[in-house]
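# Architecture at a glance
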Amino acid sequence: MADEKLTTQAENFSEWYNQVVLRAEMADYSPVRGCMVIRPYGWSLWENIQQSLDRRFKATGHVNAAFPMFIPMSFLEKEKEHVEGFSPELAVVTHGGGQKLEEPLVVRPTSETIIGYMYSQWIKSYRDLPVLINQWANVVRWEMRTRLFLRTLEFYWQEGHTAHATEAEAREETRRMMDQYCNFAIEDAAIPVIPGRKSETEKFAGAIESISMEAMMGDAKALQSATSHFLGQNFAKAFDIKFLDQSNILQYAWTTSWGLSTRFVGAIIMTHGDDQGLVLPPKLAPIQVVIVPIARSDADRSKVMPVVEQVAGELQAHFRIKVDDRTEVTPGFKFNDWELRGVPLRLEIGPKDIDKGVVTAARRDIPGRDGKSTLSMDQLAAQVAELLTEIHASMYDKAEAFRDAHIHDPKDYDALKEVVQEGWAFSWWCGSRECEAKIKEETKATTRCIPFHQPEGEGRCIYCGQPAKERVYFARAY
RNA sequence: CGGGGUGUAGCGCAGUUGGCAGCGCACCGCGUUUGGGACGCGGGGGUCGACGGUUCAAGUCCGUCCACCCCGACCA
């Protein structure tokens, strides 16, 4: 249990992040280097993320399935760019049952290969398409440097893998799923995200085109918070996913893959958190409303608790609530405790409230007295619903205002060098690998995405001055 | 994998010239408390990261190793 002040974001953002994750009991370090334990409170948030996304996947025609976590090494090697991209970070099983394996098994870093193999078995006709499968799974990438939720050796995610008869349909799917992610981020997580295309160097190993949504964290660094890949026929050719079309011509299928991981928990923490701790978006928060009874004496308790029970009874039909009836800690302690844990709305019920026939509400997104108001006892659920909606909107607005204040339009390269130290640059770029590499080398800022919404006209590359057709976000990233 | 740092109770740390392993918080018990991190009294809890060496004696000195954190390179 937390007992002292957090390191502030201004003092040390990384340290703040670690302390919040640990003290709010989202996660803990594990005995295995680079792996984390996701604790019940953190997992509950992830479950809400899962439900929110799964609903969208189902609504767009997808179904869930489960594929093995072990993949024959030879599968990875079938797609050249894929194996080159992933081989440095593979965990490989060489022994099983006390015997050396004939062929090593890779612990999946992602499942395009094994799913591609299965698709080749299942898809024979245009009538079999599209195949729209998602799986919720854990994957392993042997990263050098890890950070809770943001980069761990093992992480949880969903990976959608689809196969289509035409290029256009597969490209449309790639975009559709990114739209779903953006809708989820904005509507449920209150995170303003920018969707766009990845540069050639930043794209997924084996993809023709990758798109991502990028979010700005509280330290103005960028976090890629979901990706969607148009794989063309690369994996279809590597795994022989072929079908007969309506004209009886054998065709390779067009495939996509898209994913969002537990990293998104980190995005929520770093987008909304403040010096008091977590600030969780109401739609995803494990606990949406915490009720703190305030009772000085036994007499107070017998007066307060029936009202608390009544309020809890009314609200629990509509919200995820928690009654904090601990007697061993003071109300002040509880206030700080639930603020650390990011509960969006706190209701305080004490003798003074009961005398006036009200409850006191405290909004997590507005610290201190300004966030407090009194609610009348009638239509309480409706008032709470309205407050939660307002909290969501104000969290989004605040995050968006912060983001926009940290996106710059540098006049020249010297200016870009400066602005990417404390924000993002939105600049014209000629599209060349060389300029991108130089900027990265000299500023640590990488291209995040080429947003779908482009300004009119053309410009000149911020680095080389050559004509440029598109603007790109440059930023330091997690 | 390069650079830096840290390993002593669950957490944060102190431990002087080598000489009985300590403090604060947390935890347990009792009592008083409770509208923004309560207080008193009494308790429990330790292979001092590991291994080896020096010494009458090592948390402390020497060596080797390990783990974790931070900064880089790489990455969702």
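Residues numbered from 1 in each chain as written. Chains lettered and ligands numbered in written order. Predicted model: local features only at pLDDT ≥ 70, side-chain atom pairs only at ≥ 80, totals over all residues. Heavy atoms only, no water.

### What about the overall build of chain A?
Test applied: Strands are runs of DSSP state E lasting at least two residues, helices are runs of H or I lasting at least four, and both sets are numbered from the N terminus onward. Each radius of gyration reported is based on C-alpha atoms, and the globular scaling rule is 2.2 Å times the count of residues to the power 0.38. The rule is simple: take the accessible area with a 1.4 Å probe, protein chains only, and divide by the maximum for that residue type; under 20% is buried, over 50% is exposed, in between is partly exposed. Pairs of residues are marked as contacts when any of their non-hydrogen atoms sit within 4.5 Å. Using a 1.4 Å probe, accessible areas were evaluated by the Shrake-Rupley method; residue-level cover was limited to the displayed protein chains. Neither His nor the chain ends contribute to the count of charged residues, in which Lys and Arg are positive and Asp and Glu negative. For charged residues, the charge sits on one atom: NZ in Lys, CZ in Arg, CG in Asp, CD in Glu.
Scanning chain A from N- to C-terminus turns up 14 helices and 26 strands. Computed over its C-alpha atoms, the radius of gyration of chain A comes to 25 Å, within 12% of the 23 Å expected for a compact globule of 478 residues. Once the C-alpha set of chain A is aligned to its principal axes, its extents read approximately 80 × 60 × 45 Å. Classification of the 478 residues of chain A by burial places 55% in the buried group. Once local pairs closer than 6 in sequence are excluded, the contacts in chain A between residues at least 24 apart make up 69%. Carbon and sulfur atoms make up 49% of the accessible area of chain A, which amounts to about 21400 Å² in all. Separation between the mean location of the 56 positive side-chain charges and that of the 68 negative ones in chain A comes to 1 Å.

### Considerations on the sheet that holds strand E4 (residues 70-72)
Pairing between sheet strands relies on hydrogen bonds along the backbone, with the strands arranged either parallel or antiparallel. To keep it simple, the criterion reads: Between any two strands, pairing holds if DSSP finds at least two bridges. A fitted line through C-alpha atoms serves as each axis, taken over the contacting stretch for helices, and the angle formed by two N-to-C directions is quoted from 0 to 180°.
Across the sheet, which stays open at both edges, the three strands sit in the order E4-E6-E5 with antiparallel pairing between neighbours. Both outer strands of the open sheet, E4 and strand E5 (91-96), are each paired with one neighbouring strand and no more. Put simply, the sheet's adjacent strands are angled 45° from each other on average, direction ignored. As paired strands, E5 and strand E6 (residues 99-107) are joined by five bridges and run antiparallel to one another. By the bridge assignment, Gly 96 is partnered in E6 with Gln 99.

### As for the protein's contact with RNA strand B
Threshold: Neighbouring residues are identified by heavy atoms, a residue being near a molecule or strand if any of them is within 4 Å of it. Whenever two N or O atoms come within 3.5 Å, that pair is a polar contact, provided that in protein one can donate a hydrogen and the other can accept it, and provided that, for residues adjacent in sequence, both atoms are side-chain atoms. Side-chain classes are defined by residue name, with Ala, Val, Leu, Ile, Met, Phe, Trp, Tyr, Cys and Pro counting as nonpolar, Asp, Glu, Lys and Arg as charged, and the others, Gly among them, as polar.
Around RNA strand B, the structure places 46 residues, and the nearest of them are Arg 33, Arg 145, Arg 151, Arg 263 and Asp 353. Taking all atoms of RNA strand B within 4 Å of the protein, the share assigned to sugar and phosphate is 44%. Interatomic distance of 3.3 Å between a backbone N/O atom of Gly 350 and a base oxygen of RNA strand B. A distance of 2.7 Å separates a base oxygen of RNA strand B from a polar backbone atom of Lys 352. Among the elements of the structure, helix H1 (13-23), helix H10 (331-340), strand E17 (345-349) and helix H11 (351-356) are those that each provide at least two residues to the surface near RNA strand B. The greatest single-element share of the surface near RNA strand B, amounting to seven residues, is contributed by H10. For the surface near RNA strand B, the per-class residue count stands at 14 nonpolar, 11 polar and 21 charged.

### Describing the packing of aromatic side chains
Convention followed: The aromatic pairing rule takes the rings of Phe, Tyr and Trp, using the six-membered ring of Trp, and pairs them if the centres are within 6.5 Å, calling planes under 30 degrees apart stacked, those over 60 edge-to-face and the rest tilted.
In total, this model carries 18 aromatic pairs according to the counting rule given. Taking the centre distance of 5.1 Å and the plane angle of 55° together, the rings of Phe 57 and Trp 258 count as tilted. With Phe 57 in helix H2 (residues 40-59) and Trp 258 in strand E14 (residues 254-261), this residue pair connects regions lying 201 residues apart in the sequence. With a relative accessible area of 1%, Phe 57 lands in the buried category.

### Observations concerning the environment of Lys 242
Looking at where Lys 242 falls in the secondary structure, it is placed in strand E12 (residues 242-244). Counting along the chain gives 163 residues from Lys 242 to Ala 405, while the straight-line C-alpha distance between them is 50 Å.

### Considerations on the pairing of strand E9 (residues 193-197)
Summarising burial for E9: four of the five residues are buried, a large majority. For E9 and strand E23 (residues 450-451), the ladder comprises two bridges, and the chain directions are antiparallel. Its bridge partner lying in E23, Gly 196 is registered against Pro 451.

### With respect to the nonpolar core
The following threshold applies: Buried Ala, Val, Leu, Ile, Met, Phe, Trp, Tyr and Cys residues that are joined via side-chain atoms within 4.5 Å together make up what is termed a nonpolar core. Where each domain begins and ends follows an automated or database-derived domain assignment.
Of all hydrophobic cores here, the largest spans 55 residues; its most connected members are Met 26, Ile 49, Phe 149, Met 213, Leu 260, Phe 264 and Ile 269. Domain assignment of the residues forming this core places at least three in each of domain 1 (13-272) and domain 2 (289-383). Core analysis: the second largest hydrophobic core is formed by 28 residues, Leu 90, Val 106, Ile 241 and Phe 243 among them.

### Here we look at the packing of H2 against helix H6 (residues 167-187)
The test is simple: An angle below 35 degrees is treated as roughly parallel, one above 145 as roughly antiparallel, one from 65 to 115 as roughly perpendicular, and anything else as oblique. Handedness of a crossing follows from how the near helix is turned relative to the far one, being left-handed for an anticlockwise turn of less than a right angle and right-handed for a clockwise one.
Interhelical geometry of H2 versus H6 gives an angle of 140° and a closest axis separation of 10 Å. Here H6 runs oblique to H2, going by the angle between their axes. Pair H2 / H6 crosses with right-handed handedness. Residue-level inspection shows Ile 49, Ser 52, Leu 53, Arg 56 and Phe 57 of H2 in contact with H6, the latter providing Met 177, Gln 180, Tyr 181, Asn 183, Phe 184 and Glu 187. By residue class, the composition of the contact of H2 with H6 is six nonpolar, three polar and two charged.

### Brief notes about the pattern of salt bridges
Our working definition: For salt bridges, the criterion is a side-chain nitrogen of Lys or Arg within 4 Å of an Asp or Glu carboxyl oxygen.
Under the criterion given, the structure shown has 29 salt bridges. A salt bridge links Arg 171 to Glu 167, with the shortest nitrogen-to-oxygen separation between them at 2.8 Å. In this pair, Arg 171 and Glu 167 both sit in helix H6, four residues apart, roughly one turn of the helix. We classify Arg 171 as partly exposed; its relative accessible area is 32%. Here Glu 167 falls in the partly exposed class, since its relative accessible area comes to 33%. Between Glu 214 and Arg 448 there is a salt bridge, with the nearest N and O atoms lying 3.2 Å from each other. On the criterion of sequence distance, the pair formed by Glu 214 in strand E10 (residues 209-216) and Arg 448 in the loop between strand E22 (446-447) and E23 is long-range, its members being 234 residues apart. Bridged by salt links that share partners, the residues Glu 25, Asp 324, Arg 326, Lys 334, Asp 337 and Arg 341 form one connected network.

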